[in-house]
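Here's the letter readout for the chains.
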Amino acid sequence: MNDKPIPVTSPLLPPLTEFIPYLEQIWNSRFLTNGGDMHQELEQALCKHLGVKHIALFANGTLALVTALQALRITGEVITSPYSFVATAHSLLWNGIKPVFVDIDPTTLNLDPEKIEAAITPQTTAIMPVHCYGNPCDTAAIERIADTYNLKVIYDAAHAFGVQDEGGSVLRHGDLSVLSFHATKVFNTFEGGAIICPDEKTYRRIGHLKNFGFVNETTVVAPGINGKMNEVSAAFGLLQLRYIDQALTRRRQIDLLYRQHLSGIPGLHCLPPRDVPARANCAYFPVLVEPNFPIGRDDLYQLMRRHGIHVRRYFYPLISDFPMYRGLPSAAPANLPVARSIADKVLCLPIFPDLDDAAVVNVCAVIEGACGA
Ligand code: T4K
């Protein structure tokens, strides 16, 4: 048993002393929120770092998803993945939109483009795919479908900070992409999020929507929400950007180490690595516990917890199994066989920059031990 449990993730925390000057600047300015200097600086720094045109910062990723749908005036039905964090579908319900769940691809665990068209109805206005675990969706196929049926695409890119494909950042795809900067994410601002958008006009509209709908002191153009990121969070983001490259490098080393130790274990399946490791962010390390593994997924989960390793079943249960969704026709188990099977097999192993090699080896040893049990 470890003295201190190993969490599934732990935030990237630069040295506290380096944060003090940022706080002093905020104290001196007496400007704490509503688009202050730190907020403006972080938006610009992130555009440069991620190679995207416009970024609107938010208080969290969920408010950013809710606002992204409003910014594009999405209504009716939206096609989305059942294999995600519940906030994905909740953002639709908050807008009075009906989620339509489509099954996932068994290799990428992202929306299966081959199954999207059959789910399109006259009410469908958009697709909300998820770059699950930071693995890019089949953006080309999704774009083709969206173009054919005149649908908007809003990517839930909560896991995809720093993820690239052959053309650059994956965040450039779709009409909008949404990031989460929650403490558990690759890049965090304690709580936070952002919408990435390609044009100035939409960026301005998003700016109004996250500030109650105000366009100036006396004019409100929409029932906007309070989604603004505060100055302390923005400052923390600026500090964190100085450490993000080394954090990503460490995540990739951990990913590789897991693969080296786990590859020979019968019944334990790692998702395929990205072709170009430098394009991955290694936000999560999911494994699938197959039927030929000596013990069941939930038994392995309990065993690891007894060893102080707090693995998580991201994403079990499926969103479509929660009470507010399970009555939808698209939530029927027969419609989502792949997602259901993966949700029953998945375990996410600890991965975060401070995790040392010995801890990774220990996690693998506990899994190997289960094979001898
Ligand atoms: N879309 C997707 C695809 C998402 O995954 C998420 C969030 C969203 C949208 C919404 O974005 P946000 O509105 O959250 O910005 C966590 C996070 O709260 C959530 O942000 C995340 N996805 C989800 C996948 O994971 P929980 O309920 O599992 O978190 P919790 O508190 O159990 O923490 C997990 C582990 O992390 C703990 O074992 C310990 C560690 N931890 C956690 C916190 C909060 C720390 O070490 N430090 C911390 O400060 O949801």
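Residues numbered from 1 in each chain as written. Predicted model: local features only at pLDDT ≥ 70, side-chain atom pairs only at ≥ 80, totals over all residues. Heavy atoms only, no water.

A look at the site of the ligand
Turning to step 1, where the next piece is worked out: Near the ligand, the surroundings consist of 25 residues, among which Thr62, Asp156, His159, Ser180 and Tyr314 are the closest.
Turning to step 2, where the next piece is worked out: A distance of 2.8 Å separates a nitrogen atom of the ligand from a polar atom in the side chain of Lys185.
Turning to step 3, where the next piece is worked out: Here the ligand, which alone exposes 910 Å², has 74% of that area covered by the protein.
Turning to step 4, where the next piece is worked out: Put simply, the parts of the chain that give the shell around the ligand at least two residues each are α3 (61–71) and α4 (87–93).
Turning to step 5, where the next piece is worked out: Top element by residues in the shell around the ligand is α3. It accounts for three residues.
Turning to step 6, where the next piece is worked out: Of the residues belonging to the shell around the ligand, the class tally is ten nonpolar, twelve polar and three charged.
Turning to step 7, where the next piece is worked out: Domain assignment of the residues forming the shell around the ligand places at least three in each of domain 1 (16–102 + 110–239) and domain 2 (244–370). (Near = heavy atom within 4 Å. Polar contact = N/O pair within 3.5 Å; in protein donor to acceptor, adjacent residues only side chain to side chain. Areas by Shrake-Rupley, 256 points an atom, 1.4 Å probe, with all protein chains shown as cover. Helix = DSSP H or I, 4+ residues; strand = E, 2+ residues; numbered from the N terminus. Nonpolar A, V, L, I, M, F, W, Y, C, P; charged D, E, K, R; others polar. Domains from an automatic or database assignment.)

So, the domain arrangement of the protein chain
Turning to step 1, where the next piece is worked out: Under the domain assignment used here, the protein chain contains domain 1 (16–102 + 110–239) and domain 2 (244–370).
Turning to step 2, where the next piece is worked out: Relative to domain 2, the C-alpha centre of domain 1 lies at a distance of 25 Å.
Turning to step 3, where the next piece is worked out: Facing 33 residues of domain 1, the contacting portion of domain 2 comprises 30 residues.
Turning to step 4, where the next piece is worked out: Here domain 1 and domain 2 share an interface that buries about 2600 Å² over both sides, 68% of which is from carbon and sulfur atoms.
Turning to step 5, where the next piece is worked out: Among the residues domain 1 hides against domain 2, the three largest losses belong to Tyr83, Phe101 and Tyr133. Together they make up 29% of the total.
Turning to step 6, where the next piece is worked out: At the boundary of domain 1 and domain 2, one finds eleven residue pairs in polar contact (both at pLDDT 80 or more).
Turning to step 7, where the next piece is worked out: Those elements giving two or more residues to the side of domain 1 that touches domain 2 turn out to be α4, β4 (98–101) and β7 (164–165). (Contact = heavy atoms within 4.5 Å. Buried area = accessible area lost by both parts, 1.4 Å probe.)

Digging into a nonpolar patch on the surface
Turning to step 1, where the next piece is worked out: On the surface, Phe212, Phe214 and Val220 cluster together to form a nonpolar patch covering roughly 250 Å² of accessible area.
Turning to step 2, where the next piece is worked out: Residue class for Phe214 comes out partly exposed when judged on its relative accessible area of 33%. (Patch = residues over 30% accessible without salt bridge, like charges linked within 9 Å, V, L, I, M, F, W, Y side chains within 5 Å. Salt bridge = Lys/Arg side-chain N within 4 Å of Asp/Glu carboxyl O. Buried < 20%, exposed > 50% of the residue type's maximum accessible area, 1.4 Å probe, protein only.)

Section: the sheet that holds strand β14 (residues 285–289)
Turning to step 1, where the next piece is worked out: Ordered by their spatial adjacency, three strands build an open sheet running β13-β14-β16, and the pairing between neighbours is antiparallel. Strands at the two margins of the open sheet, each flanked by one partner only, are β13 (268–270) and β16 (346–349). Each strand of the sheet is rotated relative to its neighbour by a mean of 35°, with strand direction disregarded.
Turning to step 2, where the next piece is worked out: The pairing of β14 with β16 spans four bridges and is antiparallel. Its bridge partner being in β16, Val287 is matched across the sheet by Leu347.
Turning to step 3, where the next piece is worked out: Of the strands in this sheet, β13, β14 and β16 are in contact with helix α8 (residues 244–262), which crosses β14 at around 20°. (Pairing = 2+ DSSP bridges. Axes fitted to C-alpha atoms, helices over the stretch in contact; angles between N-to-C directions.)

Brief notes about the sheet that holds β4
Adjacent strands of a sheet form backbone hydrogen bonds with each other and so pair up, either parallel or antiparallel.
Turning to step 1, where the next piece is worked out: On the basis of which strands lie adjacent, the open sheet formed by seven strands has the order β2-β10-β9-β6-β5-β3-β4 and mixed pairing. The open sheet is flanked by β2 (54–58) and β4, the only strands paired with a single partner. Neighbouring strand axes in the sheet, compared pairwise and without regard to direction, differ in orientation by 25° on average.
Turning to step 2, where the next piece is worked out: Across five bridges, the pairing between β2 and strand β10 (residues 193–197) is antiparallel. Each residue of the ladder has a partner; that of Ile55, found in β10, is Ile196.
Turning to step 3, where the next piece is worked out: Together, β2, β5 (124–128), β6 (152–156), β9 (176–180) and β10 form the strand contacts of α3, whose direction differs from that of β9 by roughly 165°.

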